[in-house]
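Below, each chain spelled out in residue letters.
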Amino acid sequence: MNSTIILTPNALDTVYEQAIEIYPDECCGFLYGKEQCGRVIEQAIPVTNSKTGDKRRRFEISPLDYLRAEQYAEENNIQLLGIYHSHPNHPAIASIHDLEKALPYFSYVIVSVFETQIADIMSWRLRDEKRIFEKEKVLLPQYARN
Amino acid sequence: MARIIIPTPLRKFTNNQSSFETQASDIQGAIEDLTTTHSDLAKHLLDDHNQIRSFIRIYLGEEDINVLQKEKTSVSPDATISIIPAIAGG
(Lines give C-alpha, C1' and ligand atoms only; values in the text may rest on other atoms or scores of the structure.)
Protein backbone atom coordinates (compact mmCIF):
# COMPACT_ATOMS: atom_id res chain seq x y z
CA MET A 1 0.00 0.00 0.00
CA ASN A 2 1.58 3.27 -1.10
CA SER A 3 -1.38 5.53 -0.65
CA THR A 4 -1.60 9.22 -1.33
CA ILE A 5 -3.63 11.80 0.53
CA ILE A 6 -4.28 15.27 -0.88
CA LEU A 7 -5.39 18.08 1.40
CA THR A 8 -7.25 20.92 -0.27
CA PRO A 9 -6.47 24.51 0.85
CA ASN A 10 -9.72 24.74 2.78
CA ALA A 11 -9.08 21.57 4.75
CA LEU A 12 -5.43 22.38 5.37
CA ASP A 13 -6.22 25.88 6.66
CA THR A 14 -8.70 24.45 9.15
CA VAL A 15 -6.21 21.91 10.48
CA TYR A 16 -3.33 24.38 10.76
CA GLU A 17 -5.44 27.11 12.36
CA GLN A 18 -6.83 24.77 14.98
CA ALA A 19 -3.41 23.29 15.76
CA ILE A 20 -2.06 26.79 16.49
CA GLU A 21 -5.18 27.99 18.30
CA ILE A 22 -5.35 25.01 20.65
CA TYR A 23 -1.56 24.87 21.32
CA PRO A 24 -0.11 23.68 23.70
CA ASP A 25 -2.96 21.16 23.83
CA GLU A 26 -3.54 18.62 21.10
CA CYS A 27 -6.29 19.52 18.65
CA CYS A 28 -8.39 16.95 16.79
CA GLY A 29 -11.07 16.61 14.16
CA PHE A 30 -12.52 14.69 11.26
CA LEU A 31 -11.46 14.60 7.62
CA TYR A 32 -13.98 14.25 4.81
CA GLY A 33 -13.59 13.88 1.10
CA LYS A 34 -13.50 11.44 -1.76
CA GLU A 35 -11.56 8.31 -2.48
CA GLN A 36 -10.40 8.24 -6.08
CA CYS A 37 -6.90 7.19 -7.14
CA GLY A 38 -5.86 8.53 -3.76
CA ARG A 39 -7.72 10.30 -1.04
CA VAL A 40 -8.77 13.90 -1.50
CA ILE A 41 -9.60 15.67 1.75
CA GLU A 42 -12.03 18.44 0.94
CA GLN A 43 -13.13 19.34 4.41
CA ALA A 44 -11.77 19.21 7.94
CA ILE A 45 -14.13 19.69 10.85
CA PRO A 46 -12.63 20.39 14.28
CA VAL A 47 -14.07 18.81 17.40
CA THR A 48 -13.28 19.21 21.07
CA ASN A 49 -10.45 17.21 22.53
CA SER A 50 -12.53 15.47 25.20
CA LYS A 51 -9.60 13.84 26.97
CA THR A 52 -9.84 14.46 30.69
CA GLY A 53 -6.66 15.70 32.34
CA ASP A 54 -3.56 16.67 30.39
CA LYS A 55 -4.44 17.33 26.75
CA ARG A 56 -0.90 18.22 25.72
CA ARG A 57 0.02 14.59 25.04
CA ARG A 58 -3.32 12.88 24.41
CA PHE A 59 -6.53 13.42 22.51
CA GLU A 60 -9.88 11.76 22.61
CA ILE A 61 -13.06 12.29 20.59
CA SER A 62 -16.37 11.77 22.35
CA PRO A 63 -18.74 9.06 21.13
CA LEU A 64 -21.40 11.67 20.42
CA ASP A 65 -19.00 13.68 18.23
CA TYR A 66 -18.15 10.50 16.35
CA LEU A 67 -21.85 9.68 15.90
CA ARG A 68 -22.45 13.15 14.49
CA ALA A 69 -19.44 12.85 12.19
CA GLU A 70 -20.91 9.73 10.60
CA GLN A 71 -24.29 11.49 10.33
CA TYR A 72 -22.64 14.48 8.67
CA ALA A 73 -20.97 12.27 6.10
CA GLU A 74 -24.22 10.53 5.27
CA GLU A 75 -26.27 13.73 5.06
CA ASN A 76 -23.71 15.46 2.84
CA ASN A 77 -22.91 12.46 0.64
CA ILE A 78 -19.24 12.69 1.50
CA GLN A 79 -16.86 10.09 2.90
CA LEU A 80 -15.43 10.14 6.40
CA LEU A 81 -11.83 9.31 5.53
CA GLY A 82 -9.83 10.04 8.63
CA ILE A 83 -8.92 11.81 11.80
CA TYR A 84 -6.42 14.58 12.34
CA HIS A 85 -4.67 15.70 15.49
CA SER A 86 -1.66 17.77 16.49
CA HIS A 87 1.61 16.94 18.21
CA PRO A 88 2.59 20.09 20.11
CA ASN A 89 6.40 20.38 20.35
CA HIS A 90 6.85 16.92 18.84
CA PRO A 91 7.35 15.51 15.35
CA ALA A 92 4.40 14.45 13.21
CA ILE A 93 5.36 10.81 13.67
CA ALA A 94 2.61 8.53 14.94
CA SER A 95 3.14 7.61 18.58
CA ILE A 96 2.64 4.24 20.25
CA HIS A 97 -0.61 5.65 21.69
CA ASP A 98 -1.76 6.55 18.19
CA LEU A 99 -0.99 3.04 17.02
CA GLU A 100 -2.73 1.36 19.96
CA LYS A 101 -5.99 3.19 19.27
CA ALA A 102 -5.86 3.26 15.47
CA LEU A 103 -8.69 1.87 13.39
CA PRO A 104 -8.33 0.30 9.97
CA TYR A 105 -9.23 2.31 6.88
CA PHE A 106 -8.88 5.78 8.41
CA SER A 107 -6.04 8.13 7.50
CA TYR A 108 -4.45 9.60 10.62
CA VAL A 109 -3.11 13.03 9.73
CA ILE A 110 -0.72 14.46 12.32
CA VAL A 111 0.48 18.06 12.45
CA SER A 112 3.61 19.02 14.32
CA VAL A 113 3.24 22.47 15.88
CA PHE A 114 5.69 24.61 17.82
CA GLU A 115 3.84 27.60 19.33
CA THR A 116 2.72 29.61 16.29
CA GLN A 117 4.61 27.59 13.70
CA ILE A 118 3.51 24.49 11.82
CA ALA A 119 6.61 22.36 11.51
CA ASP A 120 5.42 19.34 9.59
CA ILE A 121 2.44 17.28 8.51
CA MET A 122 2.31 13.52 7.96
CA SER A 123 -0.38 10.92 7.43
CA TRP A 124 -0.50 7.33 8.61
CA ARG A 125 -2.72 4.36 7.87
CA LEU A 126 -2.89 0.92 9.43
CA ARG A 127 -1.87 -1.92 7.22
CA ASP A 128 -4.77 -4.32 7.04
CA GLU A 129 -4.78 -7.03 9.71
CA LYS A 130 -1.43 -5.81 11.06
CA ARG A 131 -0.90 -3.39 13.89
CA ILE A 132 1.66 -1.31 12.07
CA PHE A 133 1.34 2.11 10.52
CA GLU A 134 2.33 2.86 6.98
CA LYS A 135 3.15 6.42 5.99
CA GLU A 136 0.95 7.97 3.33
CA LYS A 137 2.28 10.42 0.80
CA VAL A 138 0.82 13.83 1.67
CA LEU A 139 0.25 16.29 -1.16
CA LEU A 140 -0.35 19.88 -0.11
CA PRO A 141 -1.50 23.01 -1.94
CA GLN A 142 1.46 24.94 -3.39
CA TYR A 143 1.09 27.88 -1.05
CA ALA A 144 1.29 25.67 2.03
CA ARG A 145 3.82 26.41 4.68
CA ASN A 146 5.76 23.19 4.16
CA MET B 1 -37.35 -1.99 10.94
CA ALA B 2 -34.64 -0.58 13.18
CA ARG B 3 -31.49 0.62 11.44
CA ILE B 4 -27.93 0.00 12.59
CA ILE B 5 -25.33 2.51 11.35
CA ILE B 6 -22.04 0.78 10.59
CA PRO B 7 -18.97 2.93 11.34
CA THR B 8 -16.91 3.69 8.25
CA PRO B 9 -13.79 1.70 9.31
CA LEU B 10 -15.84 -1.50 9.69
CA ARG B 11 -17.79 -1.32 6.44
CA LYS B 12 -15.38 -3.59 4.67
CA PHE B 13 -16.90 -6.34 6.81
CA THR B 14 -20.44 -5.51 5.63
CA ASN B 15 -19.75 -5.46 1.90
CA ASN B 16 -19.46 -1.67 2.16
CA GLN B 17 -23.02 -1.33 3.41
CA SER B 18 -23.32 1.73 5.63
CA SER B 19 -26.37 0.45 7.46
CA PHE B 20 -28.20 -2.74 8.34
CA GLU B 21 -31.88 -3.24 9.03
CA THR B 22 -33.10 -5.52 11.77
CA GLN B 23 -36.40 -6.66 13.25
CA ALA B 24 -34.81 -7.40 16.63
CA SER B 25 -36.62 -6.03 19.67
CA ASP B 26 -33.54 -5.25 21.77
CA ILE B 27 -29.89 -4.25 21.30
CA GLN B 28 -28.55 -7.74 21.96
CA GLY B 29 -30.81 -9.20 19.28
CA ALA B 30 -29.90 -6.44 16.84
CA ILE B 31 -26.15 -7.05 17.27
CA GLU B 32 -26.67 -10.82 16.98
CA ASP B 33 -28.67 -10.31 13.81
CA LEU B 34 -25.94 -8.09 12.37
CA THR B 35 -23.03 -10.38 13.27
CA THR B 36 -24.86 -13.47 12.05
CA THR B 37 -25.42 -11.85 8.67
CA HIS B 38 -21.90 -10.35 8.54
CA SER B 39 -19.85 -12.88 10.48
CA ASP B 40 -16.49 -11.20 9.80
CA LEU B 41 -17.73 -8.25 11.82
CA ALA B 42 -18.21 -10.31 14.99
CA LYS B 43 -14.59 -10.36 16.16
CA HIS B 44 -14.42 -6.57 15.87
CA LEU B 45 -17.55 -6.00 17.95
CA LEU B 46 -17.64 -8.90 20.40
CA ASP B 47 -15.11 -10.41 22.79
CA ASP B 48 -14.55 -14.11 23.51
CA HIS B 49 -17.58 -14.08 25.82
CA ASN B 50 -19.83 -12.59 23.13
CA GLN B 51 -19.94 -9.30 25.01
CA ILE B 52 -19.58 -5.96 23.25
CA ARG B 53 -15.90 -4.98 23.33
CA SER B 54 -14.89 -2.29 25.81
CA PHE B 55 -13.71 0.11 23.10
CA ILE B 56 -17.02 -0.08 21.24
CA ARG B 57 -19.99 2.02 22.32
CA ILE B 58 -23.52 1.40 21.21
CA TYR B 59 -25.89 4.35 21.00
CA LEU B 60 -29.66 4.25 20.61
CA GLY B 61 -30.47 7.53 18.96
CA GLU B 62 -28.17 9.88 20.88
CA GLU B 63 -28.09 7.91 24.12
CA ASP B 64 -25.42 5.49 25.26
CA ILE B 65 -27.05 2.12 26.01
CA ASN B 66 -24.84 1.98 29.13
CA VAL B 67 -27.13 4.60 30.70
CA LEU B 68 -30.23 2.74 29.48
CA GLN B 69 -30.62 -1.01 29.97
CA LYS B 70 -27.37 -1.94 28.20
CA GLU B 71 -27.82 -4.90 25.82
CA LYS B 72 -31.37 -5.41 27.10
CA THR B 73 -32.40 -1.94 25.90
CA SER B 74 -35.59 -2.19 23.85
CA VAL B 75 -35.47 -1.16 20.22
CA SER B 76 -38.49 0.27 18.43
CA PRO B 77 -39.03 -0.37 14.70
CA ASP B 78 -38.06 3.22 13.84
CA ALA B 79 -34.94 3.28 16.03
CA THR B 80 -31.44 4.15 14.86
CA ILE B 81 -28.61 2.26 16.51
CA SER B 82 -25.02 3.48 16.10
CA ILE B 83 -21.86 1.46 16.58
CA ILE B 84 -19.15 3.83 17.76
CA PRO B 85 -15.47 2.92 17.96
CA ALA B 86 -13.21 4.69 20.45
CA ILE B 87 -11.21 7.47 18.81
CA ALA B 88 -8.11 8.51 20.72
CA GLY B 89 -4.35 8.84 20.53
CA GLY B 90 -1.48 10.90 21.69
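Scroll up for the structure.
In this text, all values refer to a predicted model and were calculated from it rather than measured experimentally. Going along each chain's sequence as written, the residues are numbered from 1 onward. Whichever chain is written first becomes A and whichever ligand is written first becomes 1, with later ones labelled in order. Given that the model is predicted, a residue must reach a pLDDT of at least 70 before its local features are reported, and side-chain atom pairs must reach 80 or more before they are shown or counted; all residues, however, enter totals for whole chains, interfaces and linings. Excluding hydrogens and water, the side-chain values take into account all heavy atoms of the structure.

(A) Representation of the overall build of chain A in the model. Labels follow the DSSP assignment, with helices taken as runs of H or I lasting at least four residues and strands as runs of E lasting at least two, numbered in each case from the N terminus. Across its full length, chain A holds 3 helices and 8 strands. Written out in order from the N terminus, the α and β elements of chain A read β-α-β-β-β-α-β-α-β-β-β. A compact globule built from 146 residues would reach a C-alpha radius of gyration of about 15 Å, and chain A, at 14 Å, matches this within 12%. Along the three orthogonal principal directions, the C-alpha set of chain A runs to about 35 × 35 × 30 Å. Counting across all 146 residues of chain A, residues that qualify as buried make up 49%. Residue contacts are counted whenever heavy atoms from the two residues lie within 4.5 Å of one another. In chain A, the proportion of contacts linking residues at least 24 apart, taken out of those at least 6 apart, comes to 65%. Of the roughly 7,200 Å² that chain A leaves accessible, carbon and sulfur atoms contribute 50%. Radius of gyration means the value over C-alpha atoms here, while the globule rule gives 2.2 Å times the residue count to the 0.38 power. Residue exposure (1.4 Å probe, protein chains only): buried if accessible area is under 20% of the type maximum, exposed if over 50%, otherwise partly exposed. To be clear on the numbers: accessible area is Shrake-Rupley with a 1.4 Å probe, and residue cover counts the displayed protein chains and nothing else.

(B) Structural context of the environment of A:Y108. Residue and element names in this part refer to chain A. Take Y108: it is sitting in strand β6 (residues 107-114). The spatial distance from the C-alpha of Y108 to the C-alpha of S123 is 5.3 Å, given a sequence separation of 15 residues. Discounting residues that sit within four places of it in the chain, Y108 has contacts with I83, K101, A102, L103, M122, S123, W124 and F133. In this structure the side chain of Y108 is engaged in a polar contact, spanning 2.8 Å, whose partner is the backbone nitrogen of L103. Residues adjacent in sequence count toward polar contacts only when both atoms are side-chain atoms; beyond that, a polar contact is any pair of N or O atoms within 3.5 Å, and within protein one must be able to donate a hydrogen and the other to accept it.

(C) View of the sheet that holds strand β1 (residues 2-5) of chain B. We call two strands paired when DSSP finds no fewer than two bridges between them. If you walk across this open sheet you meet the 5 strands as β2-β1-β5-β3-β4 (chain B), and the pairing is mixed. Looking at which strands have only one partner, the edges of the open sheet turn out to be β2 (19-22) and β4 (63-64) of chain B. Every axis in this analysis is a line fitted to C-alpha atoms, fitted for helices over the stretch in contact. Angles between the N-to-C directions lie between 0 and 180 degrees. The sheet strands contacting helix α2 (residues 63-75) of chain A are β1, β3 (56-60) and β5 (80-85) of chain B, and the helix crosses β5(B) at an angle near 115°. With respect to the sheet, helix α1 (residues 27-37) of chain B is in contact with β1, β2, β3 and β5 of chain B, its orientation differing from that of β2(B) by roughly 120°.

(D) Layout of the packing of aromatic side chains. Residue and element names in this part refer to chain A. For this analysis, a ring pair means two rings from Phe, Tyr or Trp (six-membered ring only for Trp) whose centres lie within 6.5 Å, classed as stacked if their planes differ by under 30 degrees, edge-to-face if by over 60, and tilted for the remaining angles. Summed over all chains, the structure comprises 6 aromatic pairs over all chains. Ring geometry for Y105 and F106: centres 6.3 Å apart, planes at 50°, overall tilted. Under the relative-accessibility criterion, F106 is labelled buried at 0%. Of the aromatic side chains, those joined through ring pairs into one cluster are Y105, F106, Y108, W124 and F133. Looking at R39, its charged tip hangs above the ring of Y105, at a distance of 4.4 Å from the centre. Charges are assigned to positions over rings by a cutoff of 6 Å between ring centre and Lys NZ or Arg CZ, combined with an angular limit of 35 degrees from the ring normal.

(E) Local environment of the side chain of A:R125. All names here are of chain A. With respect to the element layout, R125 can be found in strand β7 (residues 117-126). Residue R125 is classed as buried on the basis of its relative accessible area of 11%. At 3.4 Å, the side chain of R125 forms a polar contact with the side chain of S3.

(F) Geometry of α2(A). Every helix has an expected span of 1.5 Å times one less than the residues it contains. For α2(A), which comprises 13 residues, the first-to-last C-alpha distance of 18 Å matches the rise-based estimate of 18 Å (1.5 Å per residue) to within 8%. Turning to α2(A), its buried residues are A:P63, A:Y66, A:L67, A:A69, A:E70 and A:A73. Buried residues of α2(A), viewed axially, fall in a sector of 160°; they line one side. The inward-facing, buried residues of α2(A) abut β2 (28-35), β4 (59-61) and β5 (79-88) of chain A together with β3, β5 and β6 (87-89) of chain B. The directions considered for the arc run from the helix axis to the C-beta atoms.

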